[in-house]
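Here is how the chains run, residue by residue.
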Number of protein chains: 2
Amino acid sequence: MTAPGRRLTQQDIARIAGVSQTTVSLVLNNRTDAEVRIAPETRERVLRVIRETGYVADPIARRLAERRNRILGVFTYEAVFPTASADFYHPFLLGIEECAEEMGCDLLLFTSARAAGERRRIFNEDSRVRLADGCVLLGRTVDRDDLARLLTEGIPFVSIGRRDDAGAPVPYVGADYPPAVRALVDRAAGLGHRRLAYVGAGAGAESPADRMRGFREAVAAVGAEGVHVQVTGRTPGELLEELSAARVTAAFVEEPADAVAITHAARERGLAIPGDLSILALGAPTRPVHVDVDLTGFRIPRREMGRRAVELLAELLESGGETPQELLACELVEGSTFAPIPS
Amino acid sequence: MTAPGRRLTQQDIARIAGVSQTTVSLVLNNRTDAEVRIAPETRERVLRVIRETGYVADPIARRLAERRNRILGVFTYEAVFPTASADFYHPFLLGIEECAEEMGCDLLLFTSARAAGERRRIFNEDSRVRLADGCVLLGRTVDRDDLARLLTEGIPFVSIGRRDDAGAPVPYVGADYPPAVRALVDRAAGLGHRRLAYVGAGAGAESPADRMRGFREAVAAVGAEGVHVQVTGRTPGELLEELSAARVTAAFVEEPADAVAITHAARERGLAIPGDLSILALGAPTRPVHVDVDLTGFRIPRREMGRRAVELLAELLESGGETPQELLACELVEGSTFAPIPS
DNA sequence: CACCCGTGATAATTCGTATTAGCGCCTTGA
DNA sequence: TCAAGGCGCTAATACGAATTATCACGGGTG
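A quick note: this is a predicted structure, and the numbers were derived from the prediction, not measured.

What counts and what doesn't
Residues numbered from 1 in each chain as written. Chains lettered and ligands numbered in written order. Predicted model: local features only at pLDDT ≥ 70, side-chain atom pairs only at ≥ 80, totals over all residues. Heavy atoms only, no water. Salt bridge = Lys/Arg side-chain N within 4 Å of Asp/Glu carboxyl O. Helix = DSSP H or I, 4+ residues; strand = E, 2+ residues; numbered from the N terminus. Buried < 20%, exposed > 50% of the residue type's maximum accessible area, 1.4 Å probe, protein only. Near = heavy atom within 4 Å. Polar contact = N/O pair within 3.5 Å; in protein donor to acceptor, adjacent residues only side chain to side chain. Pairing = 2+ DSSP bridges. Axes fitted to C-alpha atoms, helices over the stretch in contact; angles between N-to-C directions. Expected span 1.5 Å × (residues − 1). Contact = heavy atoms within 4.5 Å. Least-squares fit on C-alpha atoms with pLDDT ≥ 70 in both. Lys, Arg positive; Asp, Glu negative; His and termini not counted. Phe/Tyr/Trp six-rings, centres within 6.5 Å; stacked < 30°, edge-to-face > 60°. Lys NZ or Arg CZ within 6 Å of the ring centre and 35° of its normal. Left-handed = near helix turned anticlockwise from the far one by under 90°. Nonpolar A, V, L, I, M, F, W, Y, C, P; charged D, E, K, R; others polar. Core = buried A, V, L, I, M, F, W, Y, C linked by side-chain atoms within 4.5 Å.

1. Section: the pattern of salt bridges
Residues and elements named next belong to chain A.
- Throughout the structure, instances matching the rule amount to 43 salt bridges over all chains.
- Of the charged contacts, one joins Glu98 and Arg303 as a salt bridge, the two residues approaching to 2.4 Å between their closest N and O atoms. Of the two residues, Glu98 sits in helix H5 (residues 83-103) while Arg303 sits in helix H11 (residues 302-319), which places them 205 residues apart along the sequence.
- What you see here is one network of salt bridges that share partners, running through Glu98, Glu102, Arg303 and Arg307.

In structure tokens:
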């Protein structure tokens with residue numbers, strides 16, 4: 001049909017139809033402005049040639065001339081698909097894909113953005129970020145410099161997960177952790193718990209910091225006792241000892257994978273969960289783990305966050321406007337690791 | 001840093017460094033051919049300006065001028081991420097992403113390619129297929145017309161999964177079903193099984209047809225009795241009845257989800273698996289199902305297929321060459337649903 | 001008769017980068 | 001002494017589609 005190496009262009013269509021490239025473009029874009037007039041028979045002739053040849057406009061040339069592409073970039077700091085992170089990322093991507101499909105957009109995964117070292121970077125020597133109309137950032141932590149760069153370059157983007165200012169406010173859609181943690185703390189206090197623990201880093205990125213903050217504020221508000229238990233480099237057994245030494249009756253565990261491990265360890269040594277100790281999990285597992293425990297806690301609306309991020313990005317592209325910042329509510333999950341304080 | 005709306009171009013860099021746009025391009029592309037010479041101090045000056053301004057080449061313009069993009073398209077006929085199909089597609093995508101990352105390529109997911117109806121089509125009015133250097137096709141069935149079109153348009157692509165000719169040979173990397181099925185049949189015959197059944201459609205796409213063919217040939221080779229049991233619109237119980245009516249002792253089930261259902265149904269009505277009936281599963285579940293049965297069968301090398309597809313596509317882009325067609329071996333899986341024929 | 005206006009098209013330019021074909025000057029070799 | 005080539009760089013052009021600025025033509029008007 002087509003000679004190899006040569007693709008059909010508007011010029012070719014024009015030649016065949018006996019008109020100019022301009023006319024082909026006008027017909028193709030269905031321009032019916034008052035400014036532009038094309039005789040019905042000419043339009044029909046051009047359309048016929050297009051149909052017969054099966055011509056499709058080159059998206060690249062199009063993008064160069066226009067501004068829009070209908071391509072949304074998706075940047076993740078870790079690989080998207082590997083099983084280790086798939087469980088965590090999957091719901092976000094599900095929402096992103098759904099919404100992109102509805103809007104007729106394609107998704108560009110920046111899998112190549114890897115610097116010499118381990119970590120991915122958005123701006124490498126030949127970054128293809130600007131090929132997309134805008135992009136969605138996904139990842140538990142996001143490079144500060146990358147954020148600042150995106151902002152100063154004026155590249156439209158929305159981060160999934162709240163981000164602190166990076167020289168300027170960052171557009172994001174995040175999970176509203178503080179009220180969710182507060183609700184759990186309130187319920188614990190309501191059931192008599194007075195000595196509560198936050199188990200996890202509580203820092204390092206915005207989301208753990210938000211949870212920690214929610215915990216601190218809620219504990220202060222209900223007048224309970226709150227301790228902070230670090231997890232890095234410690235076994236579940238050691239954590240349990242520290243919790244019992246502090247006479248903690250309700251543990252708010254940042255990472256569900258840890259919550260599962262602690263629960264197992266406790267039951268192994270004869271400690272009843274939730275009889276002797278209540279376990280509250282703050283979110284979704286970011287590490288692959290077989291969750292065979294029915295944890296009480298809350299659900300991060302990951303799919304909705306994905307959808308909303310794309311919607312906000314679309315609005316941003318459409319109208320510009322203010323930097324969108326939204327927090328979506330987390331839904332409480334009734335599990336079986338939470339009970340009144342032992343008497 | 002940059003004025004809003006205006007982006008830094010090579011022309012800007014050239015102006016600042018006091019050279020021509022050509023020189024900037026040459027420096028940027030690190031051209032050190034004998035043909036092209038640039039004074040070290042000029043090169044340094046240009047590089048400094050580039051560094052200071054943080055200029056990054058516009059990938060769109062680049063693509064227009066060059067031919068390559070380092071972007072690989074991924075086309076799936078169903079959504080990639082939804083949980084219903086995620087379990088099936090995930091390993092392929094894992095392999096694709098791994099390989100793309102190693103090659104420094106980005107992945108373009110054609111999520112927009114949806115016609116008015118339900119099914120996705122590659123070529124819609126404004127298809128962005130040609131934005132990628134080439135693409136990988138993923139899906140249990142692939143539209144015949146799309147394949148033919150890809151071939152005649154000369155768009156480089158590799159299908160994951162064997163495909164019959166579509167006017168011309170189709171480049172693919174598939175799973176080598178016939179020998180895998182044959183191996184299972186051989187083993188069954190070796191353990192005394194004489195009445196075997198193929199449970200599934202055995203048609204509709206290349207992969208079930210290949211399995212069916214493998215089954216037929218192997219059954220004939222070992223001189224056993226083979227029956228074909230259709231599954232569509234029938235309950236596991238009905239299937240069991242048909243199997244027992246035909247005095248089948250080993251059932252080769254196309255779809256593992258069906259194999260699981262049949263096993264459960266059998267055990268519920270007191271039929272021992274594998275004591276009374278052996279179940280052999282032919283591949284990976286394409287429907288979401290909780291596989292709590294340790295099925296005997298084989299493993300489709302999905303991740304490797306993903307990797308290989310990208311590798312073959314890269315070779316295709318590099319050197320052109322012959323249409324690659326490869327079948328990867330399936331590894332047998334020793335489960336606990338296979339035993340000698342009951343005496 | 002000069003003028004205007006509506007009609008249907010096109011030539012020229014734009015987008016940002018890559019490539020080709022030189023430019024003028026200087027060195028070398030025969 | 002004169003052609004051949006080396007040197008460092010640039011003007012011009014290509015890539016394919018969209019947009020802007022015109023243009024030719026004929027019919028009506030004053």
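Structure shown, so let's carry the discussion forward.
2. A look at the environment of B:Ala266
Residues and elements named next belong to chain B.
- For Ala266, the location among the structural elements is in helix H10 (residues 256-268).
- With a relative accessible area of 0%, Ala266 lands in the buried category.
- Separated by 25 residues in the primary sequence, Ala266 and Glu241 place their C-alpha atoms 9.8 Å from one another.

3. So, the protein's contact with DNA strand D
- In the vicinity of DNA strand D there are 24 residues, among which A:Gln10, A:Tyr55, B:Thr23, B:Ala39 and B:Thr42 approach most closely.
- Atoms of DNA strand D within 4 Å of the protein belong to the sugar or the phosphate in 61% of instances, the rest to bases.
- Residue A:Gln10 places a main-chain N or O atom 2.6 Å away from a phosphate oxygen belonging to DNA strand D.
- Between DNA strand D and A:Tyr55 there is a distance of 2.3 Å, counted from a phosphate oxygen to a side-chain nitrogen or oxygen.
- Where the surface near DNA strand D is concerned, the elements lending two or more residues are helix H2 (21-28) and helix H4 (59-65) of chain A together with helix H2 (21-28) and helix H4 (59-65) of chain B.

4. With respect to the sheet that holds strand E9 (residues 278-282) of chain B
Residue and element names in this part refer to chain B.
- On the basis of which strands lie adjacent, the open sheet formed by six strands has the order E7-E6-E8-E9-E10-E12 and mixed pairing. Of all the strands in the sheet, just strand E7 (225-229) and strand E12 (331-333) have a single pairing partner and so form its edges. Along the sheet, successive strands turn relative to each other by an average axial angle of 20 degrees, direction set aside.
- Strand direction decides the pairing type here: E9 and strand E10 (residues 296-299), joined by three bridges, are parallel.

5. Topic: helix H3 (residues 40-53) of chain A
Residue and element names in this part refer to chain A.
- The end-to-end C-alpha distance of H3, which contains 14 residues, comes to 20 Å, matching closely the 20 Å that a straight helix rising 1.5 Å per residue would cover.
- Where H3 is buried, its residues touch helix H1 (10-17) and H2.
- Downstream of H3 by one or two residues, Gly54 has phi in the positive range, about 70 degrees.

6. A short note on the relation of the copies chain A and chain B
- Superposing chain A onto chain B takes a rotation of 180 degrees combined with a translation of 0.1 Å along the rotation axis, leaving an RMSD of 0.3 Å. Taken together, these values place the two copies in the relation of a two-fold axis. No C-alpha of chain A approaches the rotation axis more nearly than that of A:Leu108, which lies at 2.1 Å.
- By residue overlap, the copies meet face to face through one surface: 100% of the interface positions of chain A are interface positions in chain B.

7. Regarding the side chain of A:Arg130
- Summarising the element assignment, A:Arg130 is placed in the loop between strand E2 (106-109) and strand E3 (134-138).
- Of the side chains bearing the opposite charge, B:Asp58 lies closest to the buried A:Arg130, which forms no salt bridge; the N-O distance is 4.0 Å.
- Of note is the side chain of A:Arg130, whose polar atom sits 3.1 Å from the backbone oxygen of B:Val56.
- The residues touching A:Arg130, leaving out its near neighbours within four places in the chain, are A:Arg63, A:Ile155, B:Arg7, B:Val56, B:Asp58 and B:Pro59.

8. Focus: the packing of aromatic side chains
- Considering all chains together, one arrives at 14 aromatic pairs over all chains under this definition.
- An angle of 75 degrees between the planes, with centres 5.6 Å apart, marks the rings of B:Phe88 and B:Phe92 as edge-to-face. Placement of the pair is B:Phe88 and B:Phe92 together in helix H5 (residues 83-103), with a separation of four residues, close to one helical turn. Comparing B:Phe88 with B:Phe92 shows no difference in burial state: the two are buried.
- In textbook terms, an aromatic cluster arises when at least three aromatic residues are bridged by ring pairs, as seen for A:Phe75, A:Tyr77 and A:Phe110.
- A cation over a ring is seen here: A:Arg211 above A:Tyr177, with NZ or CZ 4.2 Å from the ring centre.

9. Observations regarding helix H7 (residues 177-190) of chain A
All names here are of chain A.
- Its 14 residues place the ends of H7 20 Å apart at the C-alpha level, agreeing with the 20 Å of an ideal helix rising 1.5 Å per residue.
- What H7 keeps buried is the set Tyr177, Pro178, Ala180, Val181, Leu184, Val185, Ala188 and Ala189.
- Two residues or fewer past H7, Gly192 is found with a positive phi of approximately 95 degrees.

10. Let's talk about the packing of H7(A) against helix H8 (residues 206-222) of chain A
Residue and element names in this part refer to chain A.
- In the contact formed by H7 and H8, the axes pass within 8 Å of each other and the chain directions differ by 35 degrees. Remark: the crossing between H7 and H8 carries right-handed chirality. Every residue of H8 that contacts H7 at Tyr177, Pro178, Val181, Arg182, Val185, Asp186 and Ala189 is listed here: Ser207, Asp210, Arg211, Arg213, Gly214, Phe215, Glu217, Ala218, Val219 and Val222.
- Partitioning the contact of H7 with H8 into residue classes produces nine nonpolar, two polar and six charged.

11. Considering the pairing of strand E1 (residues 71-76) of chain B
Residues and elements named next belong to chain B.
- Taking burial as the measure, the six residues of E1 include six buried ones, the bulk of the element.
- Along E1, one buried face is formed by Ile71, Gly73 and Phe75 and the opposite face, lined by Leu72, Val74 and Thr76, is buried too.
- Here E1 pairs with strand E2 (residues 106-109) via four bridges, running parallel. Bridge pairing in E2 places Val74 opposite Leu109.
- As paired elements, E1 and strand E3 (residues 134-138) share five bridges and run parallel to each other. Looking at E3, one finds that Phe75 is bridged to Leu137.

12. Here we look at the nonpolar core
- Residues A:Leu196, A:Phe252, A:Phe298, B:Leu196, B:Phe252 and B:Phe298 are the most contacted members of the largest nonpolar core, which totals 102 residues.
- Those residues within four positions of B:Phe252 in sequence are excluded, and the remaining contacts are B:Leu184, B:Val185, B:Ala188, B:Leu196, B:Ala197, B:Tyr198, B:Val199, B:Phe215, B:Leu280 and B:Leu282.
- By size, the runner-up hydrophobic cluster in this structure holds 40 residues, among which are A:Cys135, A:Leu137, B:Cys135 and B:Leu147.

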